[in-house]
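# Residue-level structural notes
Here are the chains, one letter per residue:
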Amino acid sequence: MNLQELAAHIAAEFQKHYGRAPRWIVAAPGRVNVIGEHTDYNDGFVLPMAIERYAIMAADAPLPGSVSAASIISIYDAHFQENATIDISAPVTKGLPKWSNYIRGVLCGFQNRGVKIPALDVAFMSTVPLGGGLSSSAALEVCTATLIEAATGKAIDPIEKALLAQKAEHDFAGVPCGIMDQFISALGREGHLLLLDCRTRKTELVPMSDPSVALLVINTNVKHELSGGEYAERRAQCEEAARNLGVKSLRDVTPEQLEKGKGKLSEVVYRRARHVIGEIERTVHAAEGIRASSWPSVGNLMYASHASLRDDYEVSCVELDDVVEIAEDIGYKGGVYGCRMTGGGFGGCCVALVKADCVDAITKKIAVDYKIKTGIEAAIFASRPAAGATIIKG
Ligand code: GLA
């Protein structure tokens, strides 16, 4: 479903559930990170794009006199047909169902800014695959923030909005994530990747509109959970490396300095740092390559990123490696420039840069070979760079 179809669909779901038309419709996209993995919390660069998969909400003020009217946000999850109610008369806290915490965290963030949140009836759904490493949670957080903007009639600075959503993820979902996912969901532009300097928070739009290439997202359908502890452990190892090397973050370390300081690090921490430092360089080069349409060199940087994530950072898994191997076998001749795991890792998706006129053949080949290797059906789709969060109606 494209965004307009999705908006019509959620409006119909709202109508069915609440018996009237919604006043507001808002959406926020998921993302795929083209390159720059596990660099955001090291003050490095990332290069994500928003994808044509969205969290979407339709809403209205509750009817006067209804139980919700004074201080309740009612949310109907139209896909899982589940309800959540959140009391907004007091500071919003964690609660059930689990998915409501992404919403609760954002509401709490607005309360902390002194915003009086209005009572709302909401219908919600998402086409961002859950647990697929495509930032379904950031999409939900940024979508919620956009709804509050629409319903209060007050927009906040998109960077503030992204930071508010990130804090929701830290405090309410327990994932000490960086700023990439919420930034791209809030700030994405159609037809562009976003080169984000996570230290200065400066963003640069990188046009990605060459019709001869496409980005394929290959979901291994192996679910990942970043709250499982490995993510926090990687982050702690990076902080340890920076501390032992006497710098604020790994952004401040060149490959030469790392080699000189190798003796101050354990073998594992050294490899973690080597990944981050190399990946920051690769990301800057990839952005240059995309600007110059140097697709083979961008592809090689993607393969190098994957190898580093697999061997040094150790956040890949067999199925992600299988996809990359299949892509490498298809190779340049078959239309693949490069492929890598994307997102936090331990499952989720790969992203491949391919020749546009080979998309169908490549999709088929990866699906068949992946099924043979793993016994699992992959879900594969192409996406153009989409726009960030939008108020569709309101
Ligand atoms: C997750 C986090 C991001 C980022 C990536 C890895 O998606 O939410 O902040 O750290 O992992 O690049």
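Residues numbered from 1 in each chain as written. Predicted model: local features only at pLDDT ≥ 70, side-chain atom pairs only at ≥ 80, totals over all residues. Heavy atoms only, no water.

Taking 1.5 Å per residue as the helical rise, helix H1 (residues 3-18) with its 16 residues ought to reach 22 Å, and the 22 Å between its terminal C-alpha atoms agrees with that figure. Of the positions making up H1, those classed as buried are Leu3, Leu6, Ala7, Ile10, Ala11, Glu13, Phe14 and Tyr18. Across the axial projection of H1, the buried residues extend over an arc of 160 degrees, all falling on one side. In H1, the exposed positions that point more than 90 degrees away from the buried face belong to Gln4 and Lys16. Of the surrounding elements, those touching the buried residues of H1 are strand E1 (24-35), strand E2 (45-60), strand E3 (72-77), strand E5 (120-126) and strand E12 (390-393). (Helix = DSSP H or I, 4+ residues; strand = E, 2+ residues; numbered from the N terminus. Expected span 1.5 Å × (residues − 1). Buried < 20%, exposed > 50% of the residue type's maximum accessible area, 1.4 Å probe, protein only. Arc of directions from axis to C-beta. Contact = heavy atoms within 4.5 Å.)

With that out of the way, let us pick up the pairing of strand E10 (residues 349-355). One face of the sheet, then the other: side chains in a regular strand alternate in exactly this way. In terms of burial, E10 is a largely internal element, six of the seven residues being buried. As paired strands, strand E8 (residues 213-219) and E10 are joined by seven bridges and run antiparallel to one another. The residue bridging leucine 215 from the neighbouring strand is leucine 353, located in E10. With six bridges joining them, strand E9 (residues 336-342) and E10 adopt antiparallel strand pairing. Across the sheet, the residue bridging to glycine 338 is leucine 353, located in E10. Hairpin geometry of E9 and E10 is characterised by an intervening segment of six residues between the two adjacent antiparallel strands and by a positive phi of about 90 degrees at glycine 343. (Pairing = 2+ DSSP bridges.)

A few words now on the sheet that holds strand E11 (residues 379-382). By way of backbone hydrogen bonds, the strands of a sheet pair with one another, either parallel or antiparallel. An order of E9-E10-E8-E11 is seen for the four strands of this open sheet, with the pairing classed as antiparallel. Each of the sheet's edge strands pairs with one partner strand only, and the pair in question is E9 and E11. Each adjacent strand pair in this sheet contributes to an overall mean axis angle of 20 degrees, direction not counted. As paired elements, E8 and E11 share four bridges and run antiparallel to each other. Looking at E11, one finds that valine 217 is bridged to phenylalanine 381. Running over the sheet, helix H10 (residues 318-330) touches E8, E9 and E10 and is turned about 175 degrees from E9. (Axes fitted to C-alpha atoms, helices over the stretch in contact; angles between N-to-C directions.)

Rolled over the atoms, a probe with the dimensions of a water molecule shows which regions are left empty. Evaluated as defined, the whole model comprises two cavities of 30 Å³ or more. Considering only enclosed or pocket space, the largest cavity measures out at about 40 Å³ in volume. Secondary structure elements with two or more residues in the lining of the largest cavity: E3, helix H2 (100-112), E5 and helix H3 (136-152). In terms of residue count, the dominant contributor to the lining of the largest cavity is H3 (three residues). Its residues assigned to classes, the lining of the largest cavity shows nine nonpolar, one polar and no charged. One number sums up the size of the second largest cavity: a volume of about 30 Å³. Lining the second largest cavity are Val34, Leu193, Met208, Leu215, Ile290, Trp295, Val298, Met302 and Leu353. (1 Å grid on protein atoms, 1.4 Å probe; cavity = no way out; pocket = protein on both sides within 12 Å on 5 of 7 lines; lining within 4 Å. Points joined across faces, edges and corners; volume = space filled by probe spheres on them. Nonpolar A, V, L, I, M, F, W, Y, C, P; charged D, E, K, R; others polar.)

Inspection of the sheet shows strand E6 (residues 192-197) paired to strand E7 (residues 202-207) by six bridges, in the antiparallel sense. Across the sheet, leucine 196 pairs through a bridge with threonine 203, a residue of E7. In this antiparallel pair of consecutive strands, E6 and E7, the connection spans four residues, and arginine 201 shows a positive phi of 65 degrees.

The next thing to look at is the packing of aromatic side chains. Summed over all chains, the structure comprises four aromatic pairs. Residues phenylalanine 14 and tyrosine 18 carry aromatic rings whose centres are separated by 4.6 Å and whose planes lie at 35 degrees to one another, so their mutual orientation is tilted. Of this pair, phenylalanine 14 and tyrosine 18 both sit in helix H1, four residues apart, which is roughly one turn of the helix. The pair formed by phenylalanine 14 and tyrosine 18 is uniform in burial state, with each residue classed as buried. On the basis of an interplanar angle of 20 degrees and a centroid distance of 6.1 Å, the ring pair of tryptophan 99 and phenylalanine 124 is categorised as stacked. A residue pair is termed long-range when its members are at least 10 positions apart, and tryptophan 99 in the loop between strand E4 (82-87) and H2 and phenylalanine 124 in strand E5 qualify at 25 residues. (Phe/Tyr/Trp six-rings, centres within 6.5 Å; stacked < 30°, edge-to-face > 60°.)

So, on to the domain arrangement of the protein. As assigned here, the protein comprises domain 1 (3-205 + 386-393) and domain 2 (208-383). Here domain 1 and domain 2 have C-alpha centroids that lie 26 Å from each other. In this assembly, 41 residues from domain 1 lie in contact with 49 residues from domain 2. Counting the surface lost from both domain 1 and domain 2, the interface buries some 3500 Å², and carbon and sulfur atoms represent 60% of this. Along the contact surface separating domain 1 from domain 2 lie five salt bridges. When the shortest N-O distance is used, the salt bridge between aspartate 197 and arginine 251 registers 2.9 Å. At the surface where domain 1 touches domain 2, the tally comes to 24 residue pairs in polar contact (both at pLDDT 80 or more). For the side of domain 1 that touches domain 2, the element with the highest residue contribution is E2, accounting for seven residues. (Domains from an automatic or database assignment. Buried area = accessible area lost by both parts, 1.4 Å probe. Salt bridge = Lys/Arg side-chain N within 4 Å of Asp/Glu carboxyl O. Polar contact = N/O pair within 3.5 Å; in protein donor to acceptor, adjacent residues only side chain to side chain.)

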